[in-house]
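Structure assessment
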Amino acid sequence: MATMTLTETNTEELAEAEPACVCGSRKLVNLGPCRMPGVSTGSDVEKLLSQQLGPGFLYRCCECHLGLRLPRPDDAAIAAIYESLPTTRWRPGTVAGSAQQYLIKRWKQAPARPLTVLDVGAFDGSFLCALPEQFEKAAIEPSDAAAALKDHGIRVLKSYLQPPTSAEAGQFDVVTMFDVFEHLADPIQGMQAAMAYVRPGGRLFVGTGNLDHWSWRQTRGTHWYLDPIQHVVVGSHRHFQWQAAALGVTSYRCRTFSHQPGTVRQRFLQSLTTLYFGARQRGGWRQLPVRLLNRFDIFRRMAHKPAMPYTQQLHDHLLAEFVRGEVTA
């Protein structure tokens, strides 16, 4: 249990230190306090860490446009979460996510040759198993679900994202990271490591939350995506444009997605829910629409909730696609 503990010393150091982005910039905008993590879901380990650390603050870097929640858990505590995850923790989203479905449909039309695919944070392999059988599949996965990957004939390279060995470097046509970027303590090093597995001309796909989406302007640090304590950074279209320049890719494009597919009615209600909680948090004249919405049962039932519920059908996620350039001597 010792690895799960965030010491008081670490917490004090993080609280007192002048905040800085992983890109080195200290030009940060404080977007305000975060929601208390672990309110809606989470394992016992996640909830324990949430109580120890507290909500923290959400910052946005003016240089690389990354969102950061500070203070954050130390690496040992985050590792303890991953290692204790039950195999049912993320199952509903491992293959049903909108970004995953987009790539599965794209590759169902088999390319001229089978692709070699590495999925970072593959969990139980649902996404990889949905790809054409002739693809060569590999994974990086820290949890006990790695056993399920091996049962499916998927090669597990290692537990955590690290720079590749000489035998692994440049060996994959495609590297994917779904709902992984937000867990990276240093997403710049993480992206560099992931790209190093991609062959020249190959692609890196990153699916994650989008800080540029309007819902973040409304709710800021109380956004539902900051409910898990291990979500320590937030990507954005502008951040990935910055990453593309830093990585020296030959092309970059970004598509917006919802975390999970949904109906027009779901998106409409979730948009109102986002506006409701954003207005309630910021107070002042914004309490007028809160009082108006409280006339409806669906919002009256939310009046005493400490934080907004998950709105996974809004298009507040993105899928960034990077094409690696030729390696120069």
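Residues numbered from 1 in each chain as written. Predicted model: local features only at pLDDT ≥ 70, side-chain atom pairs only at ≥ 80, totals over all residues. Heavy atoms only, no water.

Remarks on the packing of aromatic side chains
What counts, and what does not: Only the six-membered ring of Trp is used, alongside the rings of Phe and Tyr, when aromatic pairs are assigned; centres must lie within 6.5 Å, and planes under 30 degrees apart are stacked while those over 60 apart are edge-to-face, with the rest tilted. The buried label applies to any residue whose accessible area, calculated with a 1.4 Å probe on protein chains only, is under 20% of its type's maximum; exposed applies above 50%, and partly exposed to all values in between.
Applying the stated rule across the entire model yields 10 aromatic pairs. Ring plane angle 80° and centroid distance 5.4 Å describe the contact between Tyr 276 and Phe 277, whose orientation is recorded as edge-to-face. Residue classification places Tyr 276 among the buried residues on the basis of a relative accessible area of 1%. Under the relative-accessibility criterion, Phe 277 is labelled buried at 5%. Ring pairing ties together the aromatic residues Phe 181, Phe 240, Tyr 252 and Phe 322, which thus form one cluster.

Re the nonpolar core
Here is the rule: Take the buried Ala, Val, Leu, Ile, Met, Phe, Trp, Tyr and Cys residues and link them wherever side-chain atoms come within 4.5 Å; each set so joined is a nonpolar core. Two residues qualify as a contact provided that any one of their heavy atoms is within 4.5 Å of a heavy atom in the partner residue.
With 34 residues, the main nonpolar core has Leu 118, Val 175, Leu 204 and Phe 322 as its most contacted residues. Setting aside anything within four residues of it in sequence, one finds Leu 118 in contact with Ala 138, Ala 139, Ile 140, Leu 157, Phe 172, Val 174, Val 175, Thr 176 and Tyr 197. Leu 103, Leu 128, Leu 149 and Val 174 belong to the second largest nonpolar core, which has 20 residues in total.

Things to note about empty space enclosed by the protein
Applied cut-off: Method remark: on a 1 Å grid restricted to protein atoms, a set of points is classed as a cavity if a 1.4 Å probe fits but cannot get out and as a pocket if it is open with protein on both sides within 12 Å along at least five of seven lines; lining residues have an atom within 4 Å of a point. Grid points are joined across faces, edges and corners, and a volume is the space filled by probe spheres set on the points.
Under the counting rule described, the total for this entry stands at one cavity of 30 Å³ or more. Quantified by volume, the largest cavity comes out at close to 90 Å³. Every residue lining the largest cavity is counted, 14 residues in all, and those nearest its centre are Ala 99, Gln 100, Asp 179, His 259 and His 317.

Notes on the side chain of Glu 141
Short version of the rule: For helices the rule is a DSSP run of H or I covering at least 4 residues; for strands it is a run of E covering at least 2, with both sets numbered from the N terminus onward. Definition of a polar contact: a pair of N or O atoms within 3.5 Å, with one able to donate and the other able to accept a hydrogen when the atoms are protein atoms, and with sequence-neighbouring residues admitted only if both atoms are side-chain atoms.
Summarising the element assignment, Glu 141 is placed in the loop between strand 5 (136-140) and helix 6 (146-151). Overall, Glu 141 belongs to the buried group, its relative accessible area being 5%. Engagement of the side chain of Glu 141 in a polar contact is seen with the backbone nitrogen of Phe 123, the distance being 2.6 Å.

Digging into helix 4 (residues 98-108)
Taken together, the buried positions of helix 4 are Ser 98, Ala 99, Gln 100, Leu 103, Ile 104 and Trp 107. Packed against the buried residues of helix 4 are helix 5 (126-129), strand 7 (172-178), strand 8 (198-209), strand 10 (251-257) and strand 11 (317-323).

A few points about the pattern of salt bridges
Rules: Salt bridges are defined as contacts in which a side-chain nitrogen from Lys or Arg sits within 4 Å of a carboxyl oxygen from Asp or Glu.
Within this structure, the stated rule accounts for 12 salt bridges. In this structure, Arg 238 and Asp 212 form a salt bridge, with 3.3 Å as the shortest nitrogen-oxygen distance. Highlighted residues: Arg 238 in helix 9 (residues 237-247) and Asp 212 in the loop between strand 8 and helix 8 (214-219), separated in sequence by 26 residues. Taken together, the shared-partner salt bridges connect Arg 106, Arg 203, Arg 253, Arg 255 and Glu 321 into one network.

Looking at the sheet that holds strand 4 (residues 116-120)
Each strand in a sheet pairs with its neighbour through backbone hydrogen bonds, running either in the same direction (parallel) or in the opposite one (antiparallel). Just so we agree on the cut-off: Any two strands between which DSSP finds at least two bridges are classified as paired. In this analysis an axis means a line fitted to C-alpha atoms, helices contributing only their contacting stretch, and an angle means the value between N-to-C directions, from 0 to 180 degrees.
Strand order in this open sheet of seven strands is 6-5-4-7-8-11-10, and the pairing throughout is mixed. With partners counted over all chains shown, the strands left at the sheet margins are strand 6 (155-158) and strand 10, one partner each. Across the sheet, the mean angle separating the axes of adjacent strands is 20° when strand polarity is ignored. As paired strands, strand 8 and strand 11 are joined by seven bridges and run antiparallel to one another. The residue of strand 11 that forms the bridge with Gly 207 is Leu 319.

Regarding unusual backbone geometry
The omega angle of the peptide bond from Leu 70 to Pro 71 is -5°, so this bond is cis rather than trans. Within the secondary structure, Pro 71 sits in the loop between strand 3 (67-70) and helix 3 (75-84). The backbone of Phe 123 shows a phi angle near 55°, a positive value even though the residue is not glycine. Within the secondary structure, Phe 123 is located in the loop between strand 4 and helix 5.

So, the sheet that holds strand 2 (residues 57-61)
Pairing in this open sheet of four strands is antiparallel, and the strands run 1-2-3-9 from one edge to the other. The two strands at the open ends of the sheet, each matched to only one other strand, are strand 1 (28-33) and strand 9 (233-234). The pairing of strand 2 with strand 3 spans four bridges and is classified as antiparallel. Note that in strand 3 the partner of Arg 60 across the bridge is Gly 67.

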